[in-house]
Amino acid sequence: MPLLRIFDSTGSVDFRGETLISLEELRFLGGSADYTVQFNAAQFGFDAISADAHPGVTRTIEIFMDTQSFANFSGVTVTGFVSTDTLLIHGDGGRRDDLRHAGR
């Protein structure tokens, strides 16, 4: 399975200007620092998102709708995310939806 690995470090990576092809999994490795990744909705084709144990730190995924008017995340499996982790979806007109782990 082709995957994008995010190694443990502090900061963020903006992938919105990059070409991402056929990546099926987004995996956060390590657990000692807060980290944010950013994608356009058209780039986000992951079937799975996973994170190593990361007590006390935050993993954030930001998705910008850009020119997309619809995005379907119903088939995405998320494992290893905790209550401090966030998925932000930036819509048009400055609207932002903040989806957090609900402990389910």
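Residues numbered from 1 in each chain as written. Predicted model: local features only at pLDDT ≥ 70, side-chain atom pairs only at ≥ 80, totals over all residues. Heavy atoms only, no water.

### As for the overall build of the protein chain
Secondary structure summary: the protein chain contains 0 helices and 9 strands in total. Counted from the first residue to the last, the protein chain has its helices and strands arranged as β-β-β-β-β-β-β-β-β. Here the protein chain holds 104 residues, and 37% of them are scored as buried. Expressed as a percentage of contacts within the protein chain between residues at least 6 apart in sequence, the contacts between residues at least 24 apart total 53%. Carbon and sulfur atoms make up 48% of the accessible area of the protein chain, which totals about 6,100 Å². (Helix = DSSP H or I, 4+ residues; strand = E, 2+ residues; numbered from the N terminus. Buried < 20%, exposed > 50% of the residue type's maximum accessible area, 1.4 Å probe, protein only. Contact = heavy atoms within 4.5 Å. Areas by Shrake-Rupley, 256 points an atom, 1.4 Å probe, with all protein chains shown as cover.)

### Quick notes on the sheet that holds strand β7 (residues 77-79)
Read from one edge of the open sheet, 4 strands run β1-β3-β5-β7, paired in parallel fashion. With one partner strand each, in any of the chains shown, β1 (3-6) and β7 form the two edges of the open sheet. Between one strand and the next, the sheet's axes are offset by a mean angle of 10 degrees, whatever the strand orientation. Taken together, the 4 bridges between strand β3 (residues 25-28) and strand β5 (residues 48-51) define a ladder with parallel strand orientation. Its bridge partner being in β5, Phe28 is matched across the sheet by Ala51. (Pairing = 2+ DSSP bridges. Axes fitted to C-alpha atoms, helices over the stretch in contact; angles between N-to-C directions.)

### With respect to the environment of Ala51
Along the polypeptide, Ala51 turns up in strand β5. We classify Ala51 as buried; its relative accessible area is 13%. In this structure, the C-alpha to C-alpha distance between Ala51 and Phe28, residues 23 residues apart in sequence, is 4.5 Å. Setting aside chain neighbours within four positions, we find Ala51 in contact with Phe28, Thr79, Gly80 and Phe81.

### Focus: the nonpolar core
Membership of the largest hydrophobic core comes to 19 residues, with the highest contact counts inside it found for Leu4, Ile6, Leu26, Phe28, Val37, Phe39 and Ile61. Those elements that provide at least two residues to this core are β1, β3, β4 (35-40), β5 and β6 (59-64). Here the element with the most residues in this core is β4; it accounts for 3 residues. For Ile6, the residues in contact, after removing those within four places along its chain, are Phe15, Leu26, Arg27, Phe28, Leu29, Tyr35 and Val37. (Core = buried A, V, L, I, M, F, W, Y, C linked by side-chain atoms within 4.5 Å.)

### As for the side chain of Ser50
Within the secondary structure, Ser50 sits in strand β5. Reaching out from Ser50, the side chain makes a polar contact with the side chain of Glu25 at a distance of 2.9 Å. What Ser50 contacts, discounting residues up to four positions off in sequence, is Glu25, Leu26, Arg27, Phe28 and Thr79. (Polar contact = N/O pair within 3.5 Å; in protein donor to acceptor, adjacent residues only side chain to side chain.)

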